[in-house]
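Summary of the model geometry
The chain contents come next:
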Amino acid sequence: MADERAVLGASVDRLRDLVEPLSPEQRRQQAYPSEWSVAQVLGHLGSGAVIAGHRVDQALGGREIDAQPIWDEWNAKDPDAMVVDGLAADAAFLHRLDALTTDERASFVVPLGPMELDYDAYIGFRVNEHVLHTWDVEVAFYPAAVLPAGARTIVLRVVPMIAGFAGKATGSTRTLEVATTGPDDRYSVQLTPDVVVVTPSEAHGPADLVLPAEALVRLVYGRLDRDHTPSFKGDEADLDELRRAFPGV
């Protein structure tokens, strides 16, 4: 079982080590999302860390907070402040987690849409967001960047859920079997006229596509364009259709 807190801490360290040496010009450089600079990715993660901390307080009996003023405050920051404050907010959220007692972690419940998340699940969601956005920064400077091995078990858990709201119908009605390596697993990707559904698969026989597990995660998040696709087995046309099915989140 992965330690969500340790994996989140490793991602926070990874991002800090990537960003602190950057020049002001590099901080203003485009990150992977075409609409965001590196600094704006840090601003997004920083506001997310602040909101996440408030939700920890809410889980322990505090009042619900309005996220919009927090987003507005962070969106108004200049790029250098987004970077510095984003890294500081990341660290502060880790300190908030570490201050929780064993009993507080055991009773921890955060509502998220129709779900109620316990401590591990909630930190796992933050891991997911943090790891993907750290990749958004890293790949701007290192085109061969991949998601870190230590985080893959956690980020794979939510692939079916993310696919449920990120997937877009392509016009096809078919099912593709996708096998992953590192870790080895298998998923069915069902394309229908209305939705895209990803489920763990127990199918046998050859898969339509075989690719690294981290690449499947990036595919579902819309981060597997041809320039950032590792070696895989299968038909490029099948992978292209899945790229259309998952345009990004």
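Given the structure is predicted, the values throughout are model-derived calculations rather than measurements. (Residues numbered from 1 in each chain as written. Predicted model: local features only at pLDDT ≥ 70, side-chain atom pairs only at ≥ 80, totals over all residues. Heavy atoms only, no water.)

When you go through the chain residue by residue, the secondary structure sums to 11 helices and seven strands. By the compact-globule yardstick of 18 Å for 249 residues, the chain fits well, its C-alpha radius of gyration being 19 Å. With respect to the three principal axes, the spread of C-alpha positions in the chain is 50 × 45 × 30 Å. The buried share of the chain, reckoned over its 249 residues, is 47%. In the chain, the share of contacts with a sequence separation of at least 24, taken over all contacts with a separation of at least 6, comes to 66%. Carbon and sulfur atoms make up 52% of the accessible area of the chain, which amounts to about 11,900 Å² in all. The averaged location of the 39 negative side-chain charges in the chain is 2 Å from the averaged location of its 22 positive side-chain charges. (Helix = DSSP H or I, 4+ residues; strand = E, 2+ residues; numbered from the N terminus. Rg over C-alpha atoms; globule rule 2.2 N^0.38 Å. Buried < 20%, exposed > 50% of the residue type's maximum accessible area, 1.4 Å probe, protein only. Contact = heavy atoms within 4.5 Å. Areas by Shrake-Rupley, 256 points an atom, 1.4 Å probe, with all protein chains shown as cover. Lys, Arg positive; Asp, Glu negative; His and termini not counted. Charge placed at Lys NZ, Arg CZ, Asp CG, Glu CD.)

Here we come to unusual backbone geometry. The omega torsion across glycine 182 and proline 183 is 5°, close enough to zero to call that bond cis. Tracing the backbone shows proline 183 in the loop between strand S3 (174-181) and strand S4 (185-191).

This part is about helix H9 (residues 159-166). Of the positions making up H9, those classed as buried are Val159, Ile162, Ala163 and Ala166. In an axial view of H9, the angular spread of the buried residues amounts to 100°, which keeps them on one side of the axis. Looking at the buried positions of H9, the neighbouring elements they touch are helix H8 (152-157), strand S5 (196-200), helix H10 (213-220) and helix H11 (236-245). (Arc of directions from axis to C-beta.)

The next subject is the packing of aromatic side chains. Counted by the stated rule, this structure contains three aromatic pairs. Ring geometry for phenylalanine 108 against tyrosine 119: centres 5.7 Å apart, planes inclined by 90°, an arrangement best described as edge-to-face. Pair noted here: phenylalanine 108 is in the loop between helix H6 (102-107) and strand S1 (110-112) and tyrosine 119 is in helix H7 (residues 119-141), with a separation of 11 residues, a long-range link. Among the aromatic residues, ring-to-ring pairing joins Phe108, Tyr119 and Tyr122 into one connected group. The positively charged end of lysine 77 is found above the aromatic ring belonging to tryptophan 74, 4.7 Å away from the centroid. (Phe/Tyr/Trp six-rings, centres within 6.5 Å; stacked < 30°, edge-to-face > 60°. Lys NZ or Arg CZ within 6 Å of the ring centre and 35° of its normal.)

For the rest of this paragraph, the subject is the pattern of salt bridges. Across all of its chains, the model carries 20 salt bridges by this definition. The salt bridge involving glutamate 214 is made with arginine 218; its shortest N-O contact spans 2.8 Å. With a gap of four residues between them, glutamate 214 and arginine 218 both fall in helix H10, about one helical turn apart. The burial state of glutamate 214 is the same as that of arginine 218; both residues are buried. Arginine 226 serves as the salt-bridge partner of aspartate 240, at 2.4 Å between the closest nitrogen and oxygen. Taken together, the residues span a long stretch of sequence, with aspartate 240 in helix H11 and arginine 226 in the loop between H10 and strand S7 (233-234) at a distance of 14 residues. We classify arginine 226 as exposed; its relative accessible area is 54%. Salt bridges sharing partners connect three or more residues here, namely Arg226, Glu236, Asp240 and Arg243. (Salt bridge = Lys/Arg side-chain N within 4 Å of Asp/Glu carboxyl O.)

These results come straight from atomic positions and should not be treated as a statement about function.
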